[in-house]
Amino acid sequence: MAKKKKWSTGKKAGITALAAVIVVGGIVGATQLSSKPATSTNILNEYLPTDMTTQDLSQMTDQYAFQVAGNVQQGLLSRKSNGSASAGLAKTWSHSKDGLTWTFHLRSGLKWSNGDALTAADFVYGWQRTVNPKTASQYAYIYSGIKNADAINAGKNKDLSSLGIKAVNKTTLVVTLEHPMPQFENLMAFPVFFAQDKKFETPLGKKVGTSAAKQVYSGPYKFVGWNGSNKKFKLVPNKNYWNAKNVKNDGVNFQVITDATAPVALFNKGQLDQTTLGTPEQIKKYKNSKDLKINSGSRTDYIEYNQTGQVKALTNAKIREALNLATDRKSISQAISEGLDTAATGMTPSGLALTSTGGDFAKAAAKATAYSYSITKAKKLFAEGLKEEGLTKLTLTVEASSDSSTTKPTLDTIQQSWQQLPGLTVKEKFVPFKQRLQDAINHNFDVLLTAWGADYAEPQTFLNMFVTDGPNNDGKWTNKAFDQTITDATTTNALNAKARTANEVKSEKILYDQSAVNPIDWMNAAVLSNPKVKGVQYFSSGAPYYYWNAYRTK
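Within each chain, residues carry numbers counting from 1 in the order of the written sequence. For a predicted model such as this one, the threshold for reporting local features is a pLDDT of at least 70, and the threshold for listing and counting side-chain atom pairs is 80 or more; totals across whole chains, interfaces and linings nevertheless cover every residue. Excluding hydrogens and water, the side-chain figures rest on all heavy atoms present in the structure.

Colleague: Please clarify how the pairing of strand β15 (residues 424-431) should be interpreted in this entry.
Modeller: On a regular strand, one side chain projects to one face of the sheet and the next to the other, so that they alternate. By the bridge criterion, eight bridges tie strand β14 (residues 394-401) to β15 in an arrangement that is parallel. Note on β15: the bridge partner recorded for V398 is E428. We call a crossover right-handed when, viewed with both strands directed away from the observer, the connection leading from the first strand over the helix to the second proceeds clockwise. Starting at the N terminus, helices and strands are each numbered in turn, a helix being any DSSP run of H or I of at least four residues and a strand any DSSP run of E of at least two. For the segment spanning β14, helix α12 (residues 407-418) and β15, crossover handedness is right-handed. At least two bridges found by DSSP between two strands is the condition for calling them paired.

Colleague: What is the right way to read the packing of aromatic side chains from this model?
Modeller: The description of two aromatic rings rests on the distance between their centres and on the angle between their planes. Centre distance within 6.5 Å is the pairing criterion for rings of Phe, Tyr and Trp, where only the six-membered ring of Trp is used; planes under 30 degrees apart are then read as stacked, over 60 as edge-to-face, and the remainder as tilted. Under the defined criterion, the tally for this structure stands at 24 aromatic pairs. Ring geometry for W102 and F104: centres 6.5 Å apart, planes at 15°, overall stacked. Remark: exposure states derive from per-residue accessible area (1.4 Å probe, protein chains only) relative to the maximum for the residue type, with buried under 20%, exposed over 50%, and partly exposed in between. Residue classification places F104 among the buried positions, given a relative accessible area of 0%. Relative to F190, the ring of Y139 lies with its centre 5.5 Å away and its plane at 65°, an arrangement referred to as edge-to-face. Taken together, the residues Y139 in the loop between α2 (120-131) and α3 (149-153) and F190 in the loop between α4 (184-187) and α5 (198-201) connect sequence positions 51 residues apart. In this pair, the class of Y139 matches that of F190, namely buried. Through a chain of ring-to-ring contacts, the aromatic side chains of F223, W226, F233, F254, Y538, Y545 and Y547 assemble into a single cluster. Our definition puts a charge over a ring when NZ of Lys or CZ of Arg is within 6 Å of the ring centre and also within 35 degrees of the ring normal. For R79, the ring lying beneath its charged end belongs to F539, and the centroid distance is 3.9 Å.

Colleague: In this structure, what is going on with the packing of helix α15 (residues 480-490) against helix α16 (residues 497-513)? I would like to understand it.
Modeller: Axes are the key here: two packed helices are described by the angle between their axes and the distance separating the axes. Angles run from 0 to 180 degrees between N-to-C directions of axes, and those axes are lines fitted to C-alpha atoms, restricted for helices to the stretch in contact. Across the interface, α15 lies against α16 with an axial gap of 9 Å and an inter-helix angle of 160°. Classed by the angle they form, the pair α15 and α16 counts as roughly antiparallel. Crossing of α15 over α16 shows left-handed handedness. Between α15, through A481, F482, T485, I486, D488 and A489, and α16, the contact on the second element is made entirely by R500, N503, E504, K506, S507, I510 and L511. Roughly parallel means an angle under 35 degrees; roughly antiparallel, over 145; roughly perpendicular, 65 to 115; everything else is oblique. Should the near helix be turned anticlockwise from the far one by less than a right angle, the crossing is termed left-handed; should it be turned clockwise, right-handed. Contacts are residue-level and defined by heavy atoms, with any inter-residue pair within 4.5 Å sufficient.

Colleague: Hey, could you run me through the sheet that holds strand β9 (residues 232-237) in this one?
Modeller: Two strands in a sheet stick together by hydrogen bonds in their backbones, pointing the same way (parallel) or opposite ways (antiparallel). In space, the four strands of this open sheet follow the order β1-β10-β9-β8, with mixed pairing throughout. In this open sheet, the two strands that pair with only one neighbour each are β1 (44-48) and β8 (221-224). Taken over all neighbouring pairs, the strand axes of this sheet differ in orientation by 20° on average, direction set aside. Of the pairings in the sheet, the one linking β8 to β9 comprises four bridges and is antiparallel in character. Note that in β9 the partner of K222 across the bridge is V236. Along the sheet, helix α1 (residues 63-72) contacts β8 and β9; its crossing angle with β8, the most-contacted strand, is approximately 135°.

Colleague: Mind showing me how you'd approach the sheet that holds strand β5 (residues 101-106) here?
Modeller: What the four strands build is an open sheet, ordered β4-β5-β7-β6; its pairing is antiparallel. Each end of this open sheet is capped by a strand with a single partner; those strands are β4 (90-95) and β6 (165-169). Neighbour-to-neighbour, the strand axes of the sheet open up by a mean angle of 20°, direction not taken into account. Where β5 and strand β7 (residues 172-176) come together, five bridges link them in antiparallel fashion. Along β7, the bridge assignment pairs F104 with L173. Packed on one face of the sheet, α2 meets β5, β6 and β7 and runs near 165° to β6.

Here is the structure:
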């Protein structure tokens, strides 16, 4: 739920209304909400804490879009409740002994929601469209490892048909990899790899997915009622879905609510079936509630520094290290979540991935890093860095999303601690989530408070964001040694768990040693859930919720 699935805090939510993000985002004031109680029908009532952006599978980058897409579309594979792969539109699949060739057999008679036949060619088209540089998909990078994907996306290979996916016939797909990919099965359940209907999309051009009507659906539901900017819409059962008879509810109502206090009030009135607690006050009030659940967020809130040269001082490693040392992570966690979030010790959050020996990767990486709070050390390094750059003072603007109730206390804490550094003035800037994403893309910032949620359960979903010229490397940091560790982990050592873990730990250490970024906290989600609603499946990576097995009890 991580161009970026970059969540509302920054990039792609957690225990706070940063956390509200994990439920999917949107924008609406409490005055726009219906005062009528929820009906007794078997329809779920959910909300998004920020506006829906798109339902174009090649263009979506944020968790809110993925949240909807994960329910209205389906991939070759789906996921079981424990996160492992299960059959989706593909009934069976297999791979060669070397892990380089994968064969998928689609179910027969598949249809799109508009009645068009859904065949293997729709996956070929969708994948080619996403990696085509003309599409400018910010998620094309995730195809890296599939034969010729990188060369095609870089414009070095103009032959889209050379991409490593072939339709042998209407129901058989063969995918060829350049090297083994441990995360490959997981990716097949990720929306960026879903099929697309060429017949439907071609006439629409860039308007694909800009409203609910400008998309067709392959999953359990259809998306209806969204015109591209409104605040209420629905998921309704898709009669053409291959397993429609086993969808256990009559749909999901969504409304966009940006006021962090409104969802809890609506939950208490029975108008929402779950709500993320968006403020420390709410968490304190409900932390002993029988309706409270704490979901692992697999999300990291962090700071990116603009290292393009626009802000000369931020190209200085000592200044960045000083800012990292002046960041009071524990105080931030307390301010935004009553301490239920965890002060980060690296980019990869705890509980996401295991090492080759079965331990928590985040704990292993923490032995190689030492993120800490020390104003004394920070002052010394900051003064040295300013002197090296010929500066006596520095003003930095920290930008964050205005659509989250936690960004203000986070920035206030940062501002207070950073301004203890002699000569530093810190300004706060709050903009809507959409603008924050665009500013990140355009490198139009000094310092950016952002966040990333896992696409899949492997450290690379966080670490490969920072390769040189990577599409999610907004700060444009570059380091050859880091690039090499990522290359080794994803190619040579892809099937060697011990060596791959060593590469990934080294990657975390380089990020720390160079103060490339500033991990702040690992977000969780404190959620109040209606005990009468059963069967909602939650995942800490990819699309956060599956609704089709959920139902309302009396």
